[in-house]
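A structural walkthrough
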Amino acid sequence: MRKRENYLEEGISAVLPVYTEGVGDTTVLINQKGEKRVIYKKMKAVLKGIASSLSYDLVELRKKYGEIIDQKVKIPIPLQHDLILMPVVVRQPLVQGDETYGYINYRCIDQIIREGKYCRVILKNGIEIQLLQSYSTTQKNILNAQLVEKHFLENNYKGIEKISSLQELNQELHCPATRGDIVVLYEHIKKLIEMLESNLK
């Protein structure tokens, strides 16, 4: 299995529970290019590992954001500014206790198509995921994901919510400082030194 850091670098568009012949309950991870990889672990363990690699606790995240959207189940999991995992029903369990929910990165959704009493999600990379839930339920899931995203960004990415992609974020962080930037920084440091000196008198 690849390192979790590689999954994050490639971008995650969905994490889904699947039954693999000869193995049983496993997980398929779909990256932002649409490439699929089967991970021979149950989805709960995969999610826990990804969250842990980003220094998050899934239990605490679900508790915190469950209170925000006033729900105890089907709580979106925010992990990065471009990774908001939205829970959706994707399968019927073969064995009691098997996971029925998968997680789609709501930022990767292109469109939702109604199909009878269920619906289908099409991702920006072209991958299609059949859901075992209604169109209206999926719309509600998206609204919850948007609400969770708003609170997550406000608390963890001050100002970064305006940056639409990780590539743009990297460009912003690696721009060389201008003379104007240095002058502003110098003035801030000068004021800080003056404040410290006045407090020491």
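Throughout, residues of each chain are indexed from 1 in the direction in which the sequence is written. Side-chain atom pairs in this predicted model are given and counted only at pLDDT of 80 or more, local residue features only at pLDDT of at least 70, and totals for whole chains, interfaces and linings cover all residues. Calculated side-chain values reflect all of the structure's heavy atoms, with hydrogen atoms and water omitted.

A few words now on the overall build of the chain. Each helix is a run of DSSP H or I of at least 4 residues and each strand a run of E of at least 2, with the numbering of both proceeding from the N terminus. Looking only at helices and strands, the chain features 6 helices and 9 strands. Type-normalised accessible area, obtained with a 1.4 Å probe on protein chains alone, sets the label of each residue: buried when under 20%, exposed when over 50%, and partly exposed for intermediate values. Counting only residues that meet the buried cut, the chain has 38% of its 201 residues in that class. Residues are treated as being in contact if the distance between any of their heavy atoms lies within 4.5 Å. Partitioning the intrachain contacts of the chain with sequence separation of at least 6 by distance along the chain shows that 46% fall at a separation of at least 24.

Our focus in this paragraph is the sheet that holds strand β5 (residues 83-89). The pairing criterion for strands is at least two bridges between them, as found by DSSP. The strand order β3-β2-β1-β6-β5-β4 describes an open sheet built from 6 strands, whose pairing is antiparallel. Among the strands making up the open sheet, the edge pair consists of β3 (36-39) and β4 (77-80). Averaged over all neighbouring strand pairs, the angle between strand axes comes to 30°, with direction disregarded. Strand direction decides the pairing type here: β4 and β5, joined by 3 bridges, are antiparallel. Counterpart to Ile77 in the pairing with β5 is Leu85. Simply put, an axis is a line fit to the C-alpha atoms, just over the touching stretch for a helix, and the angle between two N-to-C directions goes from 0 to 180 degrees.

Attention now moves to empty space enclosed by the protein. The method works on a 1 Å grid over the protein atoms by themselves. A cavity is a set of points holding a 1.4 Å probe that cannot get out, a pocket is an open set with protein on both sides within 12 Å along at least five of seven lines, and residues with an atom within 4 Å of a point line them. Grid points are joined across faces, edges and corners, and a volume is the space filled by probe spheres set on the points. Throughout the structure, instances matching the rule amount to 1 cavity of 30 Å³ or more. Taken together, Leu8, Gly11, Ile12, Gln32, Gln80, Asp82, Leu83 and Asn105 make up the full set of residues lining the largest cavity.

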